[in-house]
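Each chain, letter by letter, is given below.
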Amino acid sequence: MEDLRHLALPGTTLALRVTPRAARNAVTLKDGQLRVTVTTVPEDGKANAVVVQLLAKALGIPKSRLTLIRGATSRDKLFRIEP
């Protein structure tokens, strides 16, 4: 998993692409595009919960500092880092 601590500034918004039902859980930053792959199925917010957990770990912040702004049912999501 990539270390994304340099992105963990309060007020920052992070656009990312999620791939559910992947072979493994991972957070990658390639060519400026943030991608999260999760093994979980996208039902009842289960995949979103895993995305928040992985993203928080990669950023080195608590899960409570991440707010999903847009994309609860989409593969393209927008998160804000709270202070």
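If you're wondering where the values come from, they're calculated on a predicted model, not measured in any experiment. (Residues numbered from 1 in each chain as written. Predicted model: local features only at pLDDT ≥ 70, side-chain atom pairs only at ≥ 80, totals over all residues. Heavy atoms only, no water.)

**Re the environment of Leu-59**
Relative to the assigned elements, Leu-59 resides in helix H1 (residues 46-59). What makes Leu-59 buried here is its relative accessible area of 2%. Each residue touching Leu-59, except ones within four places of it in the same chain, is listed here: Leu-4, Arg-5, Leu-7, Ala-8, Leu-14, Leu-66 and Ile-81. (Helix = DSSP H or I, 4+ residues; strand = E, 2+ residues; numbered from the N terminus. Buried < 20%, exposed > 50% of the residue type's maximum accessible area, 1.4 Å probe, protein only. Contact = heavy atoms within 4.5 Å.)

**Some points on the pairing of strand S2 (residues 26-30)**
Pairing of S2 with strand S3 (residues 33-37) involves five bridges; the strand directions are antiparallel. Following the sheet pairing, Val-27 is matched in S3 by Val-36. Counting the residues between successive antiparallel strands, the hairpin from S2 to S3 contains two residues, one of them, Asp-31, with a positive phi of roughly 55°. (Pairing = 2+ DSSP bridges.)

**So, the nonpolar core**
Within the largest apolar cluster, 22 residues are counted, with the highest numbers of intra-cluster contacts made by Leu-16, Val-38, Leu-55, Leu-59 and Leu-66. Counting residues per element, this core draws most heavily on H1, at nine residues. With near-sequence residues (within four places) excluded, Leu-66 lies in contact with Val-52, Leu-55, Ala-56, Leu-59, Ile-61, Phe-79, Arg-80 and Ile-81. (Core = buried A, V, L, I, M, F, W, Y, C linked by side-chain atoms within 4.5 Å.)

**Digging into H1**
The terminal C-alpha atoms of H1, which comprises 14 residues, lie 20 Å apart, in line with the 20 Å expected from a rise of 1.5 Å per residue. Buried residues dominate H1, accounting for 10 of its 14 residues. Turning to H1, its buried residues are Ala-47, Asn-48, Val-50, Val-51, Val-52, Leu-54, Leu-55, Ala-56, Ala-58 and Leu-59. Packed against the buried residues of H1 are strand S1 (13-19), S2, S3, strand S4 (66-70) and strand S5 (76-81). Downstream of H1 by one or two residues, Gly-60 has phi in the positive range, about 75°. (Expected span 1.5 Å × (residues − 1).)

**Quick notes on the pairing of S5**
Where S1 lies against S5, five bridges are found, and the strand directions are antiparallel. Looking at the pairing, Leu-16 lines up with Lys-77 of S5. The sheet contact formed by S4 and S5 spans four bridges and is antiparallel. Bridge pairing links Leu-66 to Ile-81 in S5.

**Digging into the confidence of the model for the protein**
Detailed reading of predicted coordinates is not advised where the pLDDT is low. Residue-level pLDDT values for the protein average 95, and 100% of them are 70 or greater. Predicted confidence in the protein is weakest over S2, with a mean pLDDT of 94, and strongest over S5, with 98. (pLDDT = per-residue confidence, 0-100.)

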